[in-house]
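Structural overview for review
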Amino acid sequence: IRIDGSVYWLWALFLLVLPFPWVAAAFTAALVHELFHVCMIRICGRKVDSIKVGPFGAALETYGMMPGEEFLCALAGPAGSFLLLLLGRWLPRLAVCGLVQGLFNLLPVYPLDGGRALRYVLQWLIPDHSETTEKIVTAAAVMITFLISVFFLRELLIVSGILLIRSGILRKRP
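Below is a short write-up of the structure. Computed from a predicted model, the values in this text were never measured in an experiment. (Residues numbered from 1 in each chain as written. Predicted model: local features only at pLDDT ≥ 70, side-chain atom pairs only at ≥ 80, totals over all residues. Heavy atoms only, no water.)

1. Quick look at the overall build of the protein chain
When helices and strands are counted, the protein chain shows seven helices and three strands. Mapped in sequence order, the helices and strands of the protein chain form the string β-α-α-β-β-α-α-α-α-α. Look at the contacts in the protein chain between residues 6 or more apart in sequence, and 56% of them connect residues 24 or more apart. Here the protein chain has roughly 11000 Å² of accessible surface; of this, 72% comes from carbon and sulfur atoms. (Helix = DSSP H or I, 4+ residues; strand = E, 2+ residues; numbered from the N terminus. Contact = heavy atoms within 4.5 Å. Areas by Shrake-Rupley, 256 points an atom, 1.4 Å probe, with all protein chains shown as cover.)

Below, the structure written as structure tokens:
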């Protein structure tokens, strides 16, 4: 496990700005999300070679996965996040954090889980045009998220900025 040094500063900032129960719920929801990815990777008979934790989340490195396996593993994280909704009666903060994290990760923007799943579906349905279609869908998703944040949820402008940086729009992707 490799943890980028900026993560410590980010969590320290969260602890200074947000109430501890919300920080703990967000951390727990993120941990559950990643554990569901790891469990599905293991169910597929693969192993996690390394885990990188950065300011924008965690990245699990695996090798030799078939496209269908990658699709299942990508969707396992959001599934785990949504399962936290079942705890909403007893742990409402955890349920809210799980819901938000699950929805965010399903955005069709690579390298988010939704972008990985979209990539598989497009390569399966329209292999000759999958890359172009993926870029169009990603750009549309980022723009829609940006417009929603500008007009309705001004607090989400930072999220839109992160999406722009993380998507293939502003940088060359692998």
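Now that the structure has been shown, we can carry on.
2. What about the pairing of strand β2 (residues 50-54)?
The sheet contact formed by strand β1 (residues 2-3) and β2 spans two bridges and is parallel. In the sheet register, Ile3 faces β2, and the bridge partner there is Val53. Here β2 pairs with strand β3 (residues 57-61) via five bridges, running antiparallel. Its bridge partner being in β3, Ile51 is matched across the sheet by Leu60. The hairpin formed by β2 and β3 contains two residues between the paired strands. (Pairing = 2+ DSSP bridges.)

3. Here's the deal with unusual backbone geometry
Here Tyr110 and Pro111 are connected by a cis peptide whose omega angle stands at 15 degrees. Structurally, the position occupied by Pro111 is in the loop between α4 (92-105) and α5 (113-125).

4. Description of the packing of helix α2 (residues 20-43) against helix α3 (residues 67-83)
It is the contact of α2 with α3, at a shortest axis distance of 7 Å, that shows an interaxial angle of 140 degrees. Judged by the angle between their axes, α2 and α3 are oblique. Pair α2 / α3 crosses with right-handed handedness. On α3, the residues that touch Val32, His33, Phe36, His37, Met40 and Ile41 of α2 are Leu72, Cys73, Ala74, Ala76, Gly77, Pro78, Gly80, Ser81 and Leu83. For the contact of α2 with α3, the class distribution of residues is 10 nonpolar, five polar and no charged. (Axes fitted to C-alpha atoms, helices over the stretch in contact; angles between N-to-C directions. Parallel < 35°, antiparallel > 145°, perpendicular 65-115°, else oblique. Left-handed = near helix turned anticlockwise from the far one by under 90°. Nonpolar A, V, L, I, M, F, W, Y, C, P; charged D, E, K, R; others polar.)

5. Things to note about α3
Compared with the 24 Å implied by 1.5 Å per residue over 17 residues, the 25 Å span of α3 between its first and last C-alpha is a close match. At Ala76, α3 shows its maximal bend, which comes to roughly 25 degrees, and the proline Pro78 appears one to four places after that position. Burial in α3 covers these residues: Glu69, Cys73, Ala74, Ala76, Gly77, Pro78, Gly80 and Ser81. Buried positions along α3 lie against α2, α4 and α5. (Expected span 1.5 Å × (residues − 1). Bend = angle between axes of the 7 residues up to and from the residue. Buried < 20%, exposed > 50% of the residue type's maximum accessible area, 1.4 Å probe, protein only.)

6. A few points about the environment of Ala29
The residue Ala29 is located in helix α2 in this model. Residue class for Ala29 comes out buried when judged on its relative accessible area of 0%. Sequence-wise, Ala29 and Gln101 are 72 residues apart; in three dimensions their C-alpha atoms are separated by 7.6 Å. With sequence-adjacent residues up to four places away left out, Ala29 is seen in contact with Leu84, Leu94, Cys97, Gly98 and Gln101.

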